[in-house]
Amino acid sequence: MTQQNWRKSVVYQIYPKSFYSPEGNATGSIKGVTAKLDYLAELGIEYIWMTPVYKSPQNDNGYDVSDYYAIDPSYGTMDDLDELIREAEARGIGLMMDIVVNHSSTEHEWFQKSLAGDERYRDYYIWRDEPTNWESKFGGNAWKYDEKSGQYFLHLFDETQADLNWENEQMREDVYEMMRFWREKGIKGFRLDVINLISKQQDFPEDDSDGRKFYTDGPRIHEFLKEMNEEVFEGHDVITVGEMSSTTLDHCVRYSNPDEKELSMTFSFHHLKVDYPNGEKFVAAPFDFVQLKDIMSTWQEGMHGKGWNAIFWCNHDQPRVVSRFGNDTDHRVESAKMLATVLHGLQGTPYIYQGEEIGMTNPGFDSLDEYRDIETLNIYKLKREQGVSHEDMMAAIKQKSRDNSRTPMQWDATPHAGFTSGTPWINVAPNYTDVNVETALDDPNSVFYHYKNLISLRKELDVLTDGDYTLLTPDALDVWAYTRKTDEEEVLVVANFYGPETTYEIPEGFTRADVVSHNYDVPQLDGTTLSLRAYEAIMFYKK
Ligand code: NOJ
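Residue indices begin from 1 for each chain and proceed along its sequence in written order. Given that this is a predicted model, residues contribute local features only at a pLDDT of at least 70 and side-chain atom pairs are listed and counted only at 80 or more, while totals for whole chains, interfaces and linings are drawn from all residues. In computing side-chain properties, one takes all heavy atoms of the structure into account and sets aside hydrogens as well as water.

Further remarks concern the overall build of the chain. In DSSP terms, a helix is any run of H or I states spanning at least four residues, a strand is any run of E spanning at least two, and both are numbered starting from the N terminus. Helix and strand counts for the chain come out as 15 helices and 23 strands. Taken over C-alpha atoms, the radius of gyration comes to 23 Å for the chain, in line with the 24 Å a tight globule of 543 residues would show. Dimensions of the chain along its principal axes, counting C-alpha atoms only, are 75 × 50 × 50 Å. Note on classification: 1.4 Å probe, protein chains only; a residue is buried when its accessible area is under 20% of the maximum for its type, exposed when over 50%, partly exposed between these limits. By residue count, 61% of the 543 residues in the chain fall in the buried class. The contact criterion used is simple: two residues touch if any of their non-hydrogen atoms lie within 4.5 Å. In the chain, the proportion of contacts linking residues at least 24 apart, taken out of those at least 6 apart, comes to 69%. Note on areas: Shrake-Rupley, 1.4 Å probe, and residue coverage restricted to the protein chains presented here. When the accessible surface of the chain is summed, it comes to about 20,100 Å², and 45% of that surface belongs to carbon and sulfur atoms. For the chain, the separation between the mean place of its 53 positive charges and that of its 94 negative charges on side chains is 1 Å. C-alpha atoms define the radius of gyration in this analysis, and the globule rule sets the expected value at 2.2 Å times the number of residues to the power 0.38. When charges are counted, neither His nor the chain ends are considered; positive counts come from Lys and Arg and negative counts from Asp and Glu. The location of each charge is read from NZ of Lys, CZ of Arg, CG of Asp or CD of Glu.

Next up on the list: the site of the ligand. Taken together, 13 residues surround the ligand, and among them Asp60, His103, Asp193, His316 and Asp317 come closest. Within the side chain of His103, one N or O atom sits 2.9 Å away from an oxygen atom of the ligand. What qualifies as a polar contact is a pair of N or O atoms within 3.5 Å, subject to a donor-acceptor requirement within protein and to the restriction that residues adjacent in sequence count only when both atoms come from side chains. Interatomic distance of 3.2 Å between a side-chain N/O atom of Arg191 and an oxygen atom of the ligand. Think of it as three bins: nonpolar holds Ala, Val, Leu, Ile, Met, Phe, Trp, Tyr, Cys and Pro, charged holds Asp, Glu, Lys and Arg, and polar takes everything else, Gly as well. Of the residues belonging to the shell around the ligand, the class tally is 4 nonpolar, 2 polar and 7 charged. Each residue is tested against the molecule or strand, and it is near if at least one of its non-hydrogen atoms lies within 4 Å.

This next bit is on the pattern of salt bridges. A pair is scored as a salt bridge if a Lys or Arg side-chain nitrogen falls within 4 Å of a carboxyl oxygen belonging to Asp or Glu. Throughout the structure, instances matching the rule amount to 39 salt bridges. Lys113 is the partner of Glu109 in a salt bridge, and the nearest nitrogen-oxygen pair spans 3.0 Å. Residue Glu109 and its partner Lys113 are both found in helix H4 (residues 109-115); the two are separated by 4 residues, about one turn of the helix. For Lys113, a relative accessible area of 28% translates into the label partly exposed. Across the salt bridge formed by Arg533 and Glu536, the nearest N and O atoms sit 2.9 Å from each other. Judged by its relative accessible area of 0%, Glu536 is buried. Counted as one network, the salt bridges with shared partners bring together Asp60, Lys281, Asp317, Asp373, Glu375, Arg402 and Arg406.

Once that is clear, we can look at unusual backbone geometry. Positioned with a positive phi, Phe204 is a non-glycine residue whose angle comes to about 45°. Mapped onto the secondary structure, Phe204 falls in the loop between strand S11 (189-192) and helix H6 (221-233). The residue Ser246 is not glycine, and still its phi comes out positive at about 40°. Examined against the element boundaries, Ser246 turns out to sit in the loop between strand S12 (239-243) and helix H7 (249-256).

On to the sheet that holds strand S16 (residues 468-471). Any two strands with at least two DSSP-identified bridges between them are counted as paired. Across the sheet, which stays open at both edges, the 5 strands sit in the order S16-S17-S18-S23-S20 with antiparallel pairing between neighbours. If you trace the sheet from one side to the other, it starts and ends with S16 and strand S20 (515-518), each paired once. Across the sheet, the mean angle separating the axes of adjacent strands is 15° when strand polarity is ignored. Relative to strand S23 (residues 537-542), strand S18 (residues 490-496) is paired through 6 bridges, and the arrangement is antiparallel. Its bridge partner lying in S23, Val493 is registered against Met539. Helix H8 (residues 289-303) contacts S16 and strand S17 (479-485) of the sheet and is inclined by roughly 10° relative to S17. Where helices are involved, their axes are fitted lines through C-alpha atoms of the stretch in contact, as for all axes, and angles between N-to-C directions lie from 0 to 180°. Its contacts with the sheet place helix H14 (residues 447-460) against S20 and S23, and it is angled at close to 145° to S20.

Attention now moves to the pairing of S11. Successive residues of a regular strand alternate their side chains across the two faces of the sheet. With burial as the criterion, each face of S11 is covered, one bearing Gly189 and Arg191 and the other bearing Phe190 and Leu192. Both strand S5 (residues 94-99) and S11 contribute to a ladder of 4 bridges, which runs parallel. From the neighbouring strand, Asp98 faces S11, where its bridge partner is Arg191. For S11 and S12, the ladder comprises 4 bridges, and the chain directions are parallel. What sits directly across from Gly189, in S12, is Ile239. In this region the chain leaves S11, passes through H6 and returns to the parallel neighbour S12; the handedness of that crossover is right-handed. Place the viewer so that the strands point away; then a crossover is right-handed whenever the path from the first strand over the helix to the second strand goes clockwise.

With that settled, consider the nonpolar core. Here, the term nonpolar core denotes a set of buried Ala, Val, Leu, Ile, Met, Phe, Trp, Tyr and Cys residues that are joined through side-chain atoms within 4.5 Å. Trp313, Trp480 and Phe497 are the most contacted members of the largest nonpolar core, which has 144 residues in total. Listed in part, the 14 residues of the second largest apolar core include Ile126, Trp134, Phe157 and Phe214.

See below:
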């Protein structure tokens, strides 16, 4: 993939811990990824984003890195990684590594030296005499006291994930050097973990909220990203995507506008908070469909011609989309395809999370014992202490826990879904006997082949890359219809997000012959009146 045409490509995200263990271990491995490359090539994707496989105590499943230059033995060896890069490349697939440099594990040598008061490293982290009232994203206060020095260090995530001090130039140089090491290995992309949190307001004020306004899209963030680009990316065949926590459209335009020389594209998350009542995640609640359309449409329009969106429904931090915005009981297949169609019609680079392409669902775990995630377990404890009932917490966790997307990839109907011959680190979703890759590949009408078609359309139809976006149904309570247009081409996407049948008057000029993607047999089109069945979605294309 060259610098010119990466915008037509699709990225597939792998959470290696839950992908495949040919060794029969509890957790997946790098060799497990290599073993499944032909499957990914068949799907048609161009990049794999693999979540962290560096050496780590695994308190946050690898987002707590203790050595940026080493592979965690549970995932294999550096030779395994070199093999994966080579084998992926041979299939036209580039590997994107996850770079976690807002924080490191407290087991990292830098932190250990910092703790010991080493002159060079003390300042690699953020130490203060007094804490602030900022909250950790995983619950509780964001500062941890160190008795020896009598100071507090900042951890925006778990207390074993200490925030790095980006004000320190030497620290930044060490980070860039590490990134160049991976680039020289043949990595084709960098996914930058919570990168818009690296620049903290230096007076560290108290907040009337959780503190995020003092470090989100912080004072020197654009300067740091420009420096990183110059030091690591510029002039190299790599793409970059920044994970942007609670960001704004204006900042994302700047992060991803090629003229700014910062990043290729950005993930934002506002569209995945439409089921957070009053901004609170751990409360069971339905999603707000009108708000979902509104947010995604605002970002489509706002980034057009200026920045570039990474577009996605799922990742390892989000519940499964078919359980969230679709219907995973009566209409799993139709609604999984509908959601895929809506997403792949948008402008930006689609990211498909492992298992999404076969319509994997939330597992529906009812017992706290089945959950593994540090955020889930921390928040459960905290909310119970605050008086929330066990039942309410379990209902919220069942819907919102990050473990919903972290259950083993469902390869076939054999025990543990073919993920491992051993005992997996987290239970497999009970529906694996029906929902699995083997079944999907045997069925020409499966969710898999629907994704495959959409991915190939992204390469064939320039309008899907270049066209501007117009929302046609801002107020409709069931239909999302939009167009994408260039001077030469036009795409129309119409989707029913719910079970009851509905109708929609499509714009003049589209006919049955223009249908390029559909999740039912024949469209019910009478003149311009389109009748939509449960979760029906159609993509029309004309020149
Ligand atoms: C975002 C990652 O996607 C998530 O899994 C992790 O817990 C936090 N960043 C902290 O690194």
